[in-house]
Amino acid sequence: MMTERGFGAEALDQETVSELTELGKLARGDILAMTTLAGSGHPGGSMSSIDIYLALYHFARVNPQDPDEFERDRIIVSHGHTSPGAYSGLARSGFFPPEAPIAGFRLAGSAFEGHVEPMVPGIEWATGNLGQGLSAGCGFALGARLLKKDWHTYVVMGCGEQQKGQITEARRFAVKYKLTALTAIVDFNDRQISGVRGQIMPQNVRANYEADGWEVLEIDGHDFSEIYQALRQATLNKKAPVLILAQTVMGKGVSFMEGDAKYHGAPLKPDQYQKAMAELKLPDRLEEYKKMREANPPLASLAVRREIKSPGLSIIPGDPKNYGPEEKTDNRSAWGNAL
């Protein structure tokens, strides 16, 4: 029986590790099927992030049967192009059938878009430009404090996006406001779209976070026991926000993809897919999935779409401030008066 949800257990038992390892293999097959069928997407980072996603979606306080339960933990996917990994992680954690994102990935009308959207059950925040997820995570963590709730916020990021300046501001914001119910996890596969991360923009990610007051844990991002232990330690930490620096391999699980930056955003061709499935020891179901995708309506359009609920805010906008050509003022004053 799998270890219970939450981080109460001191360690994962071997049965749980074995089950998660098998799910990781199946999820990698899902990732390759959906990107190969769509002829686009980002399999490499999805395969390096998948073990992190599986651990989070299995042990954070989220409910596959009720993804909108208000007391839930919040899991933010910042590197949203790893949507195949997030979707397969959610599917293999019980949020919806695995076939749904495979049949509907990047298909018009489907909830399973190329970058994650909260139309998908379990996805908290829509991701566009990289580097924004930690700021969003700060907002969720601050929201928990203001509402006097005890949910924990986890932000999963890529290593390439650490080059973005907005992340620096978010790191410092988190420390200033003592957002200890905030954990960042970086999928450190050392690859990005243009090649090796350190050659694109050298930086010391660990030192950057430590300099700003974060605690840092460094782990093997493909070892479920280490991932769980780090998440547990970070969740229980009440002194500072924690960064988990997860050392991973782009394209993990398929030898000809591993460490190759080309697969950041290049799907496999059908013959490569067959070769990868053989290596993963998984059945080749591409034709079966293709029929699901071509069905009318496709499987992915059936029931797998979250209804986005309005928070019901009441806003009094006030009266607009209009300036005619005869009225001379500076921009800052005009903006201040309008506010």
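Note: the structure precedes this text.
Computed from a prediction, not measured in an experiment: that's the story for all the values here.

Participant: Help me out: how do you make sense of the packing of aromatic side chains in this one?
Facilitator: Aromatic ring pairs are described here by two measures, namely the spacing of the ring centres and the angle between the planes. Tallied over the full model, the rule gives 12 aromatic pairs. Measuring from centroid to centroid gives 6.2 Å for Tyr53 and Tyr57, while their planes differ by 20 degrees, and the two rings are stacked. Residue Tyr53 and its partner Tyr57 are both found in helix H2 (residues 43–59); the two are separated by 4 residues, about one turn of the helix. With respect to burial, Tyr53 and Tyr57 carry one shared label: buried. Taking 5.1 Å as the distance between ring centres and 75 degrees as the angle between the ring planes, the aromatic pair formed by Tyr87 and Phe112 counts as edge-to-face. One end of the pair, Tyr87, is in helix H3 (residues 83–91); the other, Phe112, is in the loop between helix H4 (99–104) and helix H5 (133–146), and 25 residues separate them in sequence. According to the relative accessible area criterion, Phe112 is buried, its value standing at 0%. Taken together, the ring pairs connect Phe7, Phe59, Tyr154 and Tyr228 into an aromatic cluster. Over the ring of Tyr209 we find Arg171, and its NZ or CZ is 4.8 Å from the ring centre.

Participant: Mind showing me how you'd approach the pairing of strand S1 (residues 74–77) here?
Facilitator: Where burial is concerned, the two faces of S1 agree: the one with Arg74 and Ile76 and the one with Ile75 and Val77 are both buried. As judged from the 4 bridges shared by S1 and strand S2 (residues 153–158), these two strands associate in the parallel manner. Looking across to S2, one finds that Ile76 is bridged to Val155.

Participant: Please clarify how H2 should be interpreted in this entry.
Facilitator: Given 3.6 residues to a turn, an α-helix orients residues that are three or four positions apart in the same direction. With 17 residues, H2 should cover 24 Å at 1.5 Å per step; its first-to-last C-alpha distance of 24 Å lies within 8% of that length. Along H2, the largest kink reaches about 45 degrees and is centred on Ser49. Among the 17 residues that make up H2, 17 are buried, leaving the element largely enclosed by the rest of the structure.

Participant: Would you mind going over the pairing of S2 with me for this structure?
Facilitator: A regular strand places its side chains on the two faces of the sheet in alternate fashion. In terms of residue burial, S2 counts as a mostly covered element, since 6 of its 6 residues are buried. Burial along S2 is two-sided: Thr153, Val155 and Met157 facing one way and Tyr154, Val156 and Gly158 facing the other are all buried. The pairing of S2 with strand S3 (residues 182–188) spans 6 bridges and is parallel. Bridge assignment links Met157 to a residue of S3, and that residue is Val186. As a crossover connection, the stretch from S2 through helix H6 (residues 165–176) into S3 is right-handed.

Participant: Any chance you could explain the sheet that holds strand S6 (residues 215–220) here in plain terms?
Facilitator: What holds strands together in a sheet is hydrogen bonding between their backbones, with the strands either parallel or antiparallel. Strand order in the open sheet formed by 5 strands is S1-S2-S3-S7-S6, and the pairing between neighbours is parallel. The strands lining the two open edges of the sheet, one partner per strand, are S1 and S6. Here the strands of the sheet are splayed against their neighbours by 20 degrees on average, with no regard to which way each runs. Inspection of the sheet shows S6 paired to strand S7 (residues 242–247) by 6 bridges, in the parallel sense. Counted as the bridge partner of Glu218 is Leu245 from S7. Here H2 sits on the sheet in contact with S1, S2, S3 and S7, set at roughly 150 degrees to S3. The strands that helix H9 (residues 224–236) touches are S2, S3, S6 and S7; relative to S6, the one it contacts most, it runs at about 165 degrees.

Participant: So what exactly am I meant to see when it comes to helix H11 (residues 286–294) here?
Facilitator: Of all the positions in H11, only Leu286, Tyr289 and Arg293 are classed as buried. Here the buried residues of H11 occupy an arc of 65 degrees about the axis, which is enough to place them on one side. Residues of H11 that are exposed and angled more than 90 degrees away from the buried face: Glu287, Lys291 and Glu294. The secondary structure elements touched by the buried residues of H11 are helix H1 (14–38), H4 and helix H10 (270–280).

Participant: What's the story with the nonpolar core in this structure? I'm lost.
Facilitator: In summary, soluble globular proteins display a tendency toward joint burial of nonpolar side chains. By size, the foremost hydrophobic cluster in this structure holds 66 residues, and its most contacted members are Leu32, Tyr57, Leu231 and Ile244. Once residues lying within four places of it in the same chain are set aside, the contact partners of Ile244 are Thr183, Ala184, Ile185, Val186, Leu217, Ile219, Ala230, Leu231 and Ala234.

Participant: Mind showing me how you'd approach the side chain of Thr180 here?
Facilitator: With respect to the helices and strands, Thr180 occurs in the loop between H6 and S3. A relative accessible area of 17% means that Thr180 is categorised as buried. In contact with Thr180, not counting residues within four places along its chain, are His152, Asn237, Lys238, Lys239, Ala240 and Pro241.

Analysis parameters
Going along each chain's sequence as written, the residues are numbered from 1 onward. Totals for whole chains, interfaces and linings use all residues, but because this is a predicted model, local features are given only for residues with pLDDT of at least 70 and pairs of side-chain atoms are given and counted only at 80 or more. With hydrogens and water stripped out, all remaining heavy atoms of the structure feed into the side-chain values. Classification of ring pairs rests on two measures: the distance between centres of Phe, Tyr or Trp rings, Trp counted by its six-membered ring, which must be within 6.5 Å, and the angle between planes, read as stacked under 30 degrees, edge-to-face over 60 and tilted in between. Secondary structure elements are defined from DSSP: runs of H or I of at least 4 residues count as helices, runs of E of at least 2 residues count as strands, and each element is numbered from the N terminus. Relative accessibility under 20% of the residue-type maximum defines a buried residue, over 50% an exposed one, and the middle range a partly exposed one, all with a 1.4 Å probe and only protein chains included. Working rule: Lys NZ or Arg CZ, within 6 Å of ring centre, within 35 degrees of ring normal, means a charge sits over the ring. Following DSSP output, two strands are said to pair if at least two bridges run between them. The span one expects for a helix is its residue count, reduced by one, times 1.5 Å. Each residue is assigned a bend, namely the angle between axes fitted to the seven residues that terminate at it and the seven residues that start at it. A right-handed crossover is one whose linking path, passing over the helix from the first strand to the second, runs clockwise when the strands point away from the viewer. Lines are fitted to the C-alpha atoms to define the axes, a helix being fitted only along its stretch in contact, and any angle between axes, read from their N-to-C directions, falls within 0 to 180 degrees. The criterion used for residue contact is that any of the two residues' heavy atoms lie within 4.5 Å. The arc in question is traced by the directions running from the helix axis to the C-beta atoms. As used here, the term nonpolar core means buried Ala, Val, Leu, Ile, Met, Phe, Trp, Tyr and Cys residues forming a set that is joined through side-chain atoms within 4.5 Å.

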